[in-house]
Amino acid sequence: MVTGLAVVPASAQEGDLPVPYGALATLAAQASPVPADPPGSNDYDCEPGAEHPDPVVLVHGLGANKSVNWQTMSPLLANEGYCVFALTYGTALPGESVGGLLPMEQSAEELDAFVDGVLDATGAEQVDLVGHSEGTLMPQYWLQFLGGDTVTDDYVAVTPLYDGTLADPLPVDALVDALGVRDVAGAPVAAACGSCPQFISGSDYLDRMAEAGTRVEGVDYTTIMTRYDQLVIPYTSGELEGATNIVVQDGCEIDLSDHLSIIFSERTGQLVLNALDPANAQDVPCRPVLPLLGNEIL
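Notes on the structure in this doc start here.

Thresholds, definitions, all that
Residues numbered from 1 in each chain as written. Predicted model: local features only at pLDDT ≥ 70, side-chain atom pairs only at ≥ 80, totals over all residues. Heavy atoms only, no water. Phe/Tyr/Trp six-rings, centres within 6.5 Å; stacked < 30°, edge-to-face > 60°. Helix = DSSP H or I, 4+ residues; strand = E, 2+ residues; numbered from the N terminus. Buried < 20%, exposed > 50% of the residue type's maximum accessible area, 1.4 Å probe, protein only. Lys NZ or Arg CZ within 6 Å of the ring centre and 35° of its normal. Pairing = 2+ DSSP bridges. Axes fitted to C-alpha atoms, helices over the stretch in contact; angles between N-to-C directions. Contact = heavy atoms within 4.5 Å. Salt bridge = Lys/Arg side-chain N within 4 Å of Asp/Glu carboxyl O. Core = buried A, V, L, I, M, F, W, Y, C linked by side-chain atoms within 4.5 Å. Disulfide = S-S within 2.5 Å.

Attention now moves to the packing of aromatic side chains. Under the definition given, this model contains 4 aromatic pairs. Considering the side-chain rings of Tyr155 and Tyr221, the 5.6 Å spacing of their centres and the 50° angle between planes classify their relative orientation as tilted. Of the two residues, Tyr155 sits in strand β6 (residues 152-158) while Tyr221 sits in strand β7 (residues 220-225), which places them 66 residues apart along the sequence. Take Tyr155 and Tyr221: they sit in the same class, and that class is buried. Members of the aromatic cluster, joined through ring pairs, are Tyr141, Phe145 and Tyr205. Sitting above the plane of the Phe145 ring, Arg208 keeps its charged end 4.1 Å from the centroid.

As structure tokens, this is what we get:
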């Protein structure tokens, strides 16, 4: 049933957090000048139970923050009994609400410190990662070069781009122009968006990742992609050998999720839950999803 901004499943228990499956909650979070913790997250008194011993760390995408990106996944996971944690990383200025702008190597250091804090607070030995967009690519540096693989169990990557994206369709130039920082040669200035050039297929960042072996041994990867991804081109850049690779339209052609709406759709939510707890996997719903809007208003 629909209750305001949220879709509450019939199986929901009394006291569960509302789970919005659409853009309205995300837009409301975007309007806040300071990114708040998404619902159900960052409770440092949370004690992981035997069913879900690994805390889940949510890693947002470029230009987003912990609040904007995780209005759906955070309460969904919390309702299922996970200890959920979300960070905002890669901001250019203290207190800034736009994340993911720093070079990914620097952001990976922030992720490393954040995970250390989660493990210390919860007493857990490992975490699970759920990332979206840059949140699938930046943590690769942490896993490959900063020892993150030793404390990571499952990694669910939504709209990943392990092979990068083509330069022309990606609006990196428009983003850099909007930030107003180009050098005299017209190249993006790293101080404005140090991560932007790293997304492009063939970048030094991606080459180094590939040379080291993109899939990190000991980590269970699930990738969730959409054929209608307007930023990851081709969307198959998210395929990873040795991972469980999922395209949301396979078996559900009415799902028109794009790069944004995929992260707050009900179908993606169940796919994430199944990836984190395959022993208790449930049927994945197939309902209409609109680009940008999701399936909240349908």
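The 6 strands lie next to each other as β4-β3-β5-β6-β7-β8, forming an open sheet whose pairing is parallel. Edge positions in the open sheet fall to β4 (84-87) and β8 (244-247), since each of these has one partner strand only. On average, each strand axis in the sheet is tilted by 15° relative to the strand beside it, whichever way the strands run. Strand direction decides the pairing type here: β7 and β8, joined by 4 bridges, are parallel. Each bridged residue has a counterpart across the sheet, and for Thr223 the counterpart in β8 is Asn245. Each of β3 (56-59), β4 and β5 (127-132) touches helix α4 (residues 104-122); the most contacted strand, β4, lies at about 155° to it. Contacting β3, β5, β6, β7 and β8, helix α9 (residues 266-276) crosses the sheet at an angle of about 160° to β6.

Attention now goes to the environment of Pro20. Looking at where Pro20 falls in the secondary structure, it is placed in the loop between β2 (6-7) and α1 (23-31). Residue classification places Pro20 among the buried positions, given a relative accessible area of 7%. Put simply, Pro20 and Pro75 are 55 residues apart on the chain and 8.8 Å apart in space, counted from C-alpha to C-alpha.

Another point: the environment of Ile224. When you line up the elements, Ile224 lands in strand β7. Residues Ile224 and Thr244, 20 residues apart in the sequence, show an inter-C-alpha distance of 8.6 Å. When residues no more than four places from it in sequence are discounted, the contact partners of Ile224 are Val156, Ala157, Val158, Thr159, Pro160, Ile246, Val248, Ile262, Leu271 and Val272.

A few words on the pattern of salt bridges. All chains considered together, the criterion is met by 5 salt bridges. The salt bridge partner of Arg215 is Glu217, with a shortest N-O separation of 3.3 Å. Since its relative accessible area comes to 29%, Arg215 is described here as partly exposed. Between Arg227 and Asp250 there is a salt bridge, with the nearest N and O atoms lying 2.8 Å from each other. Of this pair, Arg227 sits in the loop between β7 and β8 while Asp250 sits in the loop between β8 and α9; the two residues are 23 residues apart in sequence, bridging distant segments of the chain. Relative accessible area serves as the criterion here: at 32%, Arg227 is assigned to the partly exposed category. Among the ionic contacts, a cluster of salt bridges with common partners joins Arg227, Asp250 and Glu253.

Quick look at the nonpolar core now. Formed by 37 residues in total, the largest nonpolar core has its most connected members in Val57, Leu111, Val115, Val127, Leu137, Trp142 and Tyr221. The set of elements that each furnish at least two residues to this core consists of β3, β4, α4, β5, α5 (134-145), β6 and α8 (204-212). Looking at this core element by element, the count peaks at 7 residues for α4. Val56, Leu76, Val84 and Leu273 belong to the second-largest nonpolar core, a separate cluster that totals 25 residues.

Looking now at the state of the cysteines. By the definition in use, this model includes 3 disulfides. One disulfide bridge connects Cys46 with Cys83, the sulfur atoms lying 2.0 Å from each other. Across the S-S bond linking Cys46 and Cys83, the dihedral sits near -85°, which makes this disulfide left-handed. Highlighted residues: Cys46 in the loop between α1 and β3 and Cys83 in the loop between α3 (73-79) and β4, separated in sequence by 37 residues.

With that settled, the discussion passes to unusual backbone geometry. The omega torsion across Ile233 and Pro234 is -5°, close enough to zero to call that bond cis. The backbone of Asn42 shows a phi angle near 60°, a positive value even though the residue is not glycine. Along the chain, the position of Asn42 falls in the loop between α1 and β3. Judged by its relative accessible area of 14%, Asn42 is buried. Unlike most non-glycine residues, Ser133 shows phi in positive territory, near 60°. Topologically, Ser133 is positioned in the loop between β5 and α5. For Ser133, a relative accessible area of 10% gives the class buried.

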